[in-house]
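What the coordinates show
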Protein chains: 2
Amino acid sequence: MNYCSVCGHKVTIKIPEDDHRPRHVCENCNTIHYQNPRPITCTLPIAPDGRIVLCRRNIEPQKDLWTLPGGFMENGETTLQGALRETWEEAEIHAETGELLAVISLPAWDQVHIFYTVKMADYSYSTTPETNEIELFDEQQIPWDELAFKTVESALKHYFHTCKTEHFVLSSSVAP
Amino acid sequence: MNYCSVCGHKVTIKIPEDDHRPRHVCENCNTIHYQNPRPITCTLPIAPDGRIVLCRRNIEPQKDLWTLPGGFMENGETTLQGALRETWEEAEIHAETGELLAVISLPAWDQVHIFYTVKMADYSYSTTPETNEIELFDEQQIPWDELAFKTVESALKHYFHTCKTEHFVLSSSVAP
Ligand SMILES: [Zn+2]
Ligand SMILES: [Zn+2]
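Remember, predicted model here, so these are calculated numbers, not experimental data.

To continue, consider the side chain of Thr 43 of chain B. Mapped onto the secondary structure, Thr 43 of chain B falls in strand S4 (residues 38-46). Once residues within four sequence positions are removed from consideration, Thr 43 of chain B is found in contact with Leu 68, Pro 69, Ala 83, Leu 84, Thr 87, Tyr 116 and Val 118 of chain B.

What follows is the structure in structure tokens.
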């Protein structure tokens, strides 16, 4: 950040009064430009036979590796709405609800990834501009070495673990 | 947002290629300025005798109403680290860990509130510049009509409910 998004003046980096961290501050209009981590909302879609949907990414980063549907949460929506919207956009899977599975922080990327499990009503899904292949996997078939993101691996491992034990929501962080 | 924070040029609002929402776009340096909800991280501190810590706000908004410790998550930290930092800053309660309690979306405010329960090791706490009074309450004593925020009410109700039933993490949204 170089310029104030409100008035266009150059910003300076300083610790505002009553604060203890350096911020981008506009000395012209006095706006303090806080920067915060961004939420990413995702689902783990479960087919009627219990297999998991993975999507092969058709876009960078990590093109051609396997992922769960997900993306940046938009203003004006809830975490669940964001997760279900991404699931439609990436795999044309429609669902009305989901159950919270994991909240995983990526402090090195200033992101928080929030995963929901989604029970699919049927086998309706489709590739999209963001996804060049969709496949159903059971636990033994998951392509662990070809997953796009560490958080996807964590969410999948947590899901298979909680299948066998009591359900709990994972809250953890992923190393850089 | 009126100006590009990268180059200082005026931004225009348009739907970028491969997108389907209007964004703030800089036609000078081609930056797309996405805007996303901001995470707020909070705790519900539990004293050794089971009572809950509430803080009376010394700052606006909702000055003099009761709240749980919490605030905007900072870049570079995890959700739990953010929640524990705020708990120190607002009540001088030190804790090493916490358990995920609730993820509550506020779509009207473009916020996601993430609550952890924290088991206090002792009765160490203190007022701070942000908090003019700290008190311990059991369920019957909670000042429900003097709570600062709807999400605090939701988190407290969920906590007292899960005390009596199986533990689960609340994922819900709060109406405007
Ligand atoms: Zn300014
Ligand atoms: Zn620009």
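Once you've had a look at it, read on.
Another point: unusual backbone geometry. Apart from glycine, the bulk of residues carry a negative phi angle, and the bulk of peptide bonds sit in the trans form. A cis geometry characterises the amide bond from Glu 60 of chain A onward to Pro 61 of chain A, with omega recorded as -5°. On the secondary structure map, Pro 61 of chain A appears in the loop between strand S5 (52-57) and strand S6 (66-67). The backbone of Asp 110 of chain B shows a phi angle near 55°, a positive value even though the residue is not glycine. On the secondary structure map, Asp 110 of chain B appears in the loop between strand S8 (99-106) and strand S9 (111-119). Judged by relative accessible area, which is 25%, Asp 110 of chain B ranks as partly exposed.

The next point concerns the coordination of the zinc ion (ligand 2). Residue and element names in this part refer to chain B. Taken together, Cys 4 (SG), Cys 7 (SG), Cys 26 (SG) and Cys 29 (SG) make up the full set of protein donors to the zinc ion (ligand 2), lying 2.3 Å away. Considering all four donor atoms around the zinc ion (ligand 2), the spread of angles at the metal, 99 to 119°, places the coordination shape in the tetrahedral class. Between consecutive donors of the zinc ion (ligand 2), the numbers of intervening residues give the motif C-x2-C-x18-C-x2-C.

The next point concerns the coordination of the zinc ion (ligand 1). Residue and element names in this part refer to chain A. Within the protein, Cys 4 (SG), Cys 7 (SG), Cys 26 (SG) and Cys 29 (SG) serve as the donor atoms for the zinc ion (ligand 1), at 2.2 to 2.3 Å. Taken together, the four donor atoms surrounding the zinc ion (ligand 1) define angles of 100 to 118° at the centre, an arrangement classified as tetrahedral. Sequence spacing of the donors to the zinc ion (ligand 1): C-x2-C-x18-C-x2-C. You can see Cys 4 sitting in the segment before strand S1 (11-14) and its partner Cys 29 sitting in the loop between strand S2 (23-26) and strand S3 (32-33), a full 25 residues away along the chain.

A few words now on helix H1 (residues 79-91) of chain B. Three or four residues apart is the spacing at which side chains of an α-helix point the same way, because the helix has 3.6 residues per turn. All names here are of chain B. Compared with the 18 Å implied by 1.5 Å per residue over 13 residues, the 18 Å span of H1 between its first and last C-alpha is a close match. If you check which residues of H1 are buried, you get Thr 79, Gly 82, Ala 83, Leu 84, Arg 85, Glu 86, Thr 87, Glu 89, Glu 90 and Ala 91. Looking one or two residues beyond H1, the residue adopting positive phi is Glu 92, at roughly 50°.

Attention shifts here to the UniProt feature "domain: Nudix hydrolase" (unreviewed entry) in chain A. Summarizing the sequence annotation, UniProt attributes the feature "domain: Nudix hydrolase" (unreviewed entry) to residues 36-159 of chain A in the numbering used throughout. Across residues 36-159 of chain A, helical content stands at 19% and strand content at 35%; the span's end C-alpha atoms are separated by 28 Å.

This part covers the domain arrangement of chain A. According to the domain assignment, chain A consists of domain 1 (1-35) and domain 2 (38-173). Look at where the C-alpha atoms of domain 1 of chain A and domain 2 of chain A centre, and you get two points 36 Å apart.

On to the interface of chain A and chain B. The partner chain B presents 38 residues to the 38 residues of chain A that form the contact. Each partner contributes to the roughly 3,300 Å² buried at the junction of chain A and chain B, and carbon and sulfur atoms together form 51% of this total. The interface formed by chain A and chain B includes 18 residue pairs in polar contact (both at pLDDT 80 or more). Listed by contribution, the elements that provide at least two residues to the side of chain A that touches chain B are strand S4 (38-46), helix H1 (79-91), strand S8 (99-106), strand S9 (111-119) and strand S11 (170-173) of chain A. Residues belonging to the side of chain A that touches chain B are distributed by class as follows: 16 nonpolar, 13 polar and nine charged.

Overall, antiparallel pairing links the three strands, which are arranged S1-S2-S3 (chain B) in an open sheet. Each having just a single partner strand, strand S1 (11-14) and strand S3 (32-33) of chain B make up the two edges of the open sheet.

Let's shift gears to the pairing of S8 of chain A. Residues and elements named next belong to chain A. Extensive coverage of S8 is indicated by the burial of seven of its eight residues. Summarising the sheet, S8 and S11 pair through four bridges and their orientation is parallel. Note that in S11 the partner of Ala 102 across the bridge is Leu 170.

Scoring rules and cut-offs
- Residues numbered from 1 in each chain as written.
- Chains lettered and ligands numbered in written order.
- Predicted model: local features only at pLDDT ≥ 70, side-chain atom pairs only at ≥ 80, totals over all residues.
- Heavy atoms only, no water.
- Helix = DSSP H or I, 4+ residues; strand = E, 2+ residues; numbered from the N terminus.
- Contact = heavy atoms within 4.5 Å.
- Buried < 20%, exposed > 50% of the residue type's maximum accessible area, 1.4 Å probe, protein only.
- Donors = N, O, S within 2.8 Å, 3.2 Å for Na, K, Ca; no water.
- Tetrahedral: all angles 85-135°; square planar, octahedral: opposite > 155°, others 65-115°.
- Expected span 1.5 Å × (residues − 1).
- UniProt positions renumbered as here; feature names shortened; annotations may be inferred.
- Domains from an automatic or database assignment.
- Buried area = accessible area lost by both parts, 1.4 Å probe.
- Polar contact = N/O pair within 3.5 Å; in protein donor to acceptor, adjacent residues only side chain to side chain.
- Nonpolar A, V, L, I, M, F, W, Y, C, P; charged D, E, K, R; others polar.
- Pairing = 2+ DSSP bridges.

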